[in-house]
Amino acid sequence: MKRTGSPTFHVDPDGVGWIIFSDPDRSLNVLTEAVMLRFGETVDEARAAAREGRAKVVVIQSGKPDSFIAGADVEAIASVEDPGEAETKIRLGQGIYNEVGTLAVPTVAAIHGLCVGGGVEVALACDYRVVSDAKGTTLNLPEVQLGILPAWGGTTRLPRLIGLQAALDMLLTGRRVDARKAKRIGLASRVFPAELFEQKTREFALAIASDPTLGTPKKRKLLTRALDDTGIGRRIVLRAARKKVMATTGGHYPAPLRILDVLAENLGRTVEESLAAEARAAAELVVSPVCKNLVHVFQMREAARKRRLDEGDDPPRAVAVLGVLGAGVMGGGIGQLAAYNDVRVYMKDIRHDAVSGGLQHARSLFDSAVRRRKMSRREADQHMEKIAGGIDFHGLSAADVVVEAIVEKVGVKQAVLRETEGYVRDDCVLATNTSSLSVSEVAEALERPDRFCGMHFFNPVHRMPLVEVIRGARTSDDTIATVYGLALRLGKVPVVVGDGPGFLVNRILGPYLNEAGFLLGDGATIAEIDRVAKEFGMPMGPLRLIDEVGIDISRHAGASLHAALGSRLAPSPVLLALGGTGRLGRKGGSGFYTYENGREKGIDETIYAALGSVLPPPREIAAAEIRDRLIIAMINEAARVLEDGIVAAAEDVDLAMIMGTGFPPFRGGLLRFADTLHPRGLLDSVRALRDACGDRYTPAPVIERLAAADQGFYEAFPRAVA
Ligand code: NAI
């Protein structure tokens, strides 16, 4: 292990001891093994200084401009395999934090900027926490999102400091808490203005050095205490929390349940007993497959965020002004998203009423954020001021990028984009939000096809994290880098994909949704099909998803995949017959389910009669068969996506499916799940389905090859190292 110089310890002339985290090798302070070792040494130095009377107070702070500590080393979490080893390491960390807590002088954590996981636990080990009011100052314990629990004292100390209910909120969600909330829930002892943070921190430290009672937190409210601090109150709180966890996770995620167990057992125990139990639970969780999968998802996401596509000299162009063609469902959403992220927007449509509709759509999204207290009215108004709209092209002249979201017709898109080229700067990048047309074909009409690519958002734009960035035959690297950077700037997860039918996500979803139709046609019920998919972990069943997307749009997408990819995508008779029922899905109030004001009200049993001619009487199909048919349909298509070079790495498929469809993160991704079936087993399953269901399950050549070579997808399709 390489030794590190961070953190450092010194005592200033006023008798304030400073432990300063400032890792010279990283942009953020991460609690690697080396840093923890060094931290232990600085605490020893601080202890000596306190004993000798040189330091009368110790402040822990960061030397980084905008962050405190970004948490534990995720690489280490990913690699630990042995629970015994994990427990020993956790106990070592706890030992250091305990040392902080037992220094003979008051201790203060001074938090400005990001404070995550192990960083929050450092702060909890201190006697006081002072927090800057900067917008970027947030505290959170994201361990649960990685399938573990905060085990350097977080699970033990947080409820003891802020009470059970507030602690559960942080521990079970990983949600960020800003300075104001930190103060309100008693996590922060003081909040200081960011510009005076250093000075105020020093004054506070000196003040408590002479009178440690100054920082005592306010008492919690009586009712809060009745629930937090009594046996019966705690049982009520924990039972309600468990019910909520089960409802939101379907029991697929062990960490939140384990957190509840540990809290239930530990609140009556001593801190030392509680720490031991916390370490044991975390050590069990950290070696579990769910933890490894969640860490894998985290790492894929981080890699996508940090990926630099511009290996050349030109950095991707920063986008200050975005043009949007078409102010409909998607255009309005894209405009709102850009304005929300402080990009100026000009939305162009052909009709005034469509422009006002797009603006209205954006406004209603901001209004809803205000109602949910995500932003103030003033902030919403400021964002809204960033969006302008109109019917002429001149508003596009300042645009760095223009995203087109007009009707899905190749000729119209070509004509409008070609005309747009005449109004924008020469270096402006154009992108299409098409979901089914060929980007290369659209580009054929353009003067500058190198400055054109696909930028495929998903509906609803503000909620779906994925953006597929589509490389057309003539798209330049700079264009891809610019649009990739824009997607990141808009807070999305971009995945670069090749130009093929349905790109990546819709292509893989196609056979899955279609199979749900075949299953219905074989006598399975709507309830059973959707239940099995949800039990697997999908956020909703395939039939509910067809309703959500719109039955008309699903059928159209299915037909274009069929036309492009051939008979294995031939629509199921049920989905074809559905077209004749006039149902549109959620937007029309009825589909497989009924809806009132957009809210689902249960399965529409009348659909069985409506589809009568193509449906046999219901018969029981084993849940395992339903699951195999649905999931293997996706895996088989994903193998073809790799074969066709739509993406090069298995993890691109996985990241896109998780971010674009909600494929269950606890499984680590579609192909990571496929790899657990083992290459030979997977091939056998696909073949068995072909024998039972027909040629649509003909194994993809890649699956045959992997079985022969006994290789998994991740092994055969690794990410190329740049
Ligand atoms: P929409 O029908 O809601 O909006 C299209 C808008 O484009 C309308 O306001 C229309 O007036 C305007 N428009 C038509 N011709 C125009 C022109 N020549 N110049 C400027 N504006 C023009 O359609 P939606 O759903 O927003 O779809 C737009 C694009 O996004 C399509 O290519 C669609 O395939 C794609 N897409 C749609 C998704 C969805 O779920 N709705 C998801 C992903 C992509």
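Scroll up to find the structure this text is about.
Computed from a prediction, not measured in an experiment: that's the story for all the values here. (Residues numbered from 1 in each chain as written. Predicted model: local features only at pLDDT ≥ 70, side-chain atom pairs only at ≥ 80, totals over all residues. Heavy atoms only, no water.)

Caption draft 1: Summary view of the pattern of salt bridges. Per the stated rule, a full pass over the model turns up 49 salt bridges. The salt bridge involving E651 is made with R719; its shortest N-O contact spans 3.2 Å. Residue E651 is found in helix α27 (residues 650-661), and its partner R719 is found in the segment after α31 (713-716); the two are separated by 68 residues along the sequence. Here E651 falls in the buried class, since its relative accessible area comes to 18%. Residue E704 pairs with R687 through a salt bridge whose shortest N-O separation is 3.1 Å. Of this pair, E704 sits in helix α30 (residues 701-709) while R687 sits in helix α29 (residues 679-693), and the two are 17 residues apart along the sequence. Linked by salt bridges that have partners in common, E515, D522, E625, R629 and R696 make up one network. (Salt bridge = Lys/Arg side-chain N within 4 Å of Asp/Glu carboxyl O. Helix = DSSP H or I, 4+ residues; strand = E, 2+ residues; numbered from the N terminus. Buried < 20%, exposed > 50% of the residue type's maximum accessible area, 1.4 Å probe, protein only.)

Caption draft 2: Here's a closer look at the sheet that holds strand β2 (residues 16-21). Judged by pairing direction, the sheet is mixed, and its six strands sit side by side in the order β1-β2-β3-β5-β7-β10 without closing on themselves. Both outer strands of the open sheet, β1 (8-11) and β10 (190-192), are each paired with one neighbouring strand and no more. Each strand axis lies, on average, 20° off the axis of its neighbour in the sheet, ignoring direction. Where strand β7 (residues 128-132) and β10 come together, three bridges link them in parallel fashion. When the bridges of β10 are listed, S132 appears paired with F192. (Pairing = 2+ DSSP bridges. Axes fitted to C-alpha atoms, helices over the stretch in contact; angles between N-to-C directions.)

Caption draft 3: Main features of the nonpolar core. Counting 96 residues, the largest nonpolar core has L504, F592, I635, V653 and F713 as the members making the most contacts within it. In terms of residue count, the dominant contributor to this core is helix α26 (residues 623-643) (eleven residues). Grouped together as the second largest cluster of nonpolar side chains are 77 residues, V35, V58, C115 and L172 included. (Core = buried A, V, L, I, M, F, W, Y, C linked by side-chain atoms within 4.5 Å.)

Caption draft 4: Region of the structure containing the site of the ligand. Surveying the vicinity of the ligand reveals 21 residues, the closest of which are V329, M330, D349, E408 and K413. The backbone of V329 places a nitrogen or oxygen atom 3.0 Å from an oxygen atom of the ligand. One of the side-chain nitrogen or oxygen atoms of N433 is found 3.1 Å away from an oxygen atom of the ligand. Protein chains bury 80% of the 830 Å² of accessible surface belonging to the ligand in isolation. (Near = heavy atom within 4 Å. Polar contact = N/O pair within 3.5 Å; in protein donor to acceptor, adjacent residues only side chain to side chain. Areas by Shrake-Rupley, 256 points an atom, 1.4 Å probe, with all protein chains shown as cover.)

Caption draft 5: Fine view of the environment of G422. Looking at the secondary structure, you find G422 in the loop between α17 (410-421) and β15 (429-432). Along the chain, G422 and G358 lie 64 residues apart, while their C-alpha atoms are 24 Å from each other.

Caption draft 6: Helix α1 (residues 33-51), seen in detail. Taking 1.5 Å of rise per residue, 19 residues should cover 27 Å, and α1 covers 27 Å from first to last C-alpha, within 8% of that figure. Following α1 by one or two positions, G53 has its phi on the positive side, about 80°. (Expected span 1.5 Å × (residues − 1).)

Caption draft 7: Examining the packing of aromatic side chains more closely. Per the counting criterion, the structure on display carries ten aromatic pairs. Site record: aromatic cluster; members linked through ring pairs are F21, F39, Y97 and W152. Over the ring of F536 we find R667, and its NZ or CZ is 4.0 Å from the ring centre. Across from the ring centre of F518, 3.7 Å away, lies the NZ or CZ of R696, which sits over that ring. (Phe/Tyr/Trp six-rings, centres within 6.5 Å; stacked < 30°, edge-to-face > 60°. Lys NZ or Arg CZ within 6 Å of the ring centre and 35° of its normal.)

Caption draft 8: Here's a closer look at unusual backbone geometry. Residue P7 is reached from S6 by a cis peptide bond, and omega for that bond is 0°. One can find P7 in the segment before β1. Look at the link from N459 to P460: it is a cis peptide, with omega at -5°. With respect to the secondary-structure elements, P460 resides in the loop between β16 (452-457) and β17 (466-471). Of note, the phi angle at D342 is positive, near 60°, even though the residue is not glycine. For D342, the location among the structural elements is in the loop between α14 (329-340) and β12 (344-348). One non-glycine residue, D710, lies in positive phi territory at about 50°. Relative to the assigned elements, D710 resides in the loop between α30 and α31. For D710, a relative accessible area of 55% gives the class exposed.

Caption draft 9: Main features of the side chain of T479. Looking at where T479 falls in the secondary structure, it is placed in helix α19 (residues 477-489). With a relative accessible area of 0%, T479 lands in the buried category. In this structure the side chain of T479 is engaged in a polar contact, spanning 2.7 Å, whose partner is the backbone oxygen of D450. Aside from chain neighbours lying at most four places away, what touches T479 is V429, D450, R451, F452 and C453. (Contact = heavy atoms within 4.5 Å.)

Caption draft 10: Broad picture of the environment of T475. Take T475: it is sitting in the loop between β17 and α19. Through-space distance from the C-alpha of T475 to that of F366 is 34 Å; in sequence the pair is 109 residues apart. Of note is the side chain of T475, whose polar atom sits 2.8 Å from the backbone nitrogen of G472.

Caption draft 11: A positive patch on the surface, seen in detail. Taken together, the side chains of R180, R184, K221 and R373 present a region of like positive charge at the surface. Here K221 shows up in the loop between α8 (197-210) and α9 (222-229). The class for K221 is exposed, based on a relative accessible area of 67%. (Patch = residues over 30% accessible without salt bridge, like charges linked within 9 Å, V, L, I, M, F, W, Y side chains within 5 Å. Lys, Arg positive; Asp, Glu negative; His and termini not counted. Charge placed at Lys NZ, Arg CZ, Asp CG, Glu CD.)

Caption draft 12: Looking closely at the pairing of strand β14 (residues 401-404). The side-chain alternation of β14 yields two buried faces, one formed by V401 and V403 and the other by V402 and E404. Examined bridge by bridge, strand β11 (residues 321-325) and β14 share four bridges and lie parallel to one another. Paired with V324 across the strands is V403, a residue of β14. Looking at chain direction, β14 and β15 are connected through four bridges and run parallel. Looking at β15, one finds that V402 is bridged to L430. The parallel pair β14 and β15, bridged by α17, forms a crossover whose chirality is right-handed. (Right-handed = clockwise from strand over helix to strand, strands pointing away.)

Caption draft 13: Broad picture of the sheet that holds β14. Judged by pairing direction, the sheet is mixed, and its eight strands sit side by side in the order β13-β12-β11-β14-β15-β16-β17-β18 without closing on themselves. Sheet topology places β13 (387-390) and β18 (493-498) at the edges, where each strand pairs with a single neighbour. On average, each strand axis in the sheet is inclined to that of its neighbour by 25°, with strand direction left out of account. As defined by bridge partners, β17 adjoins β18 across six bridges and the pair is classed as parallel.

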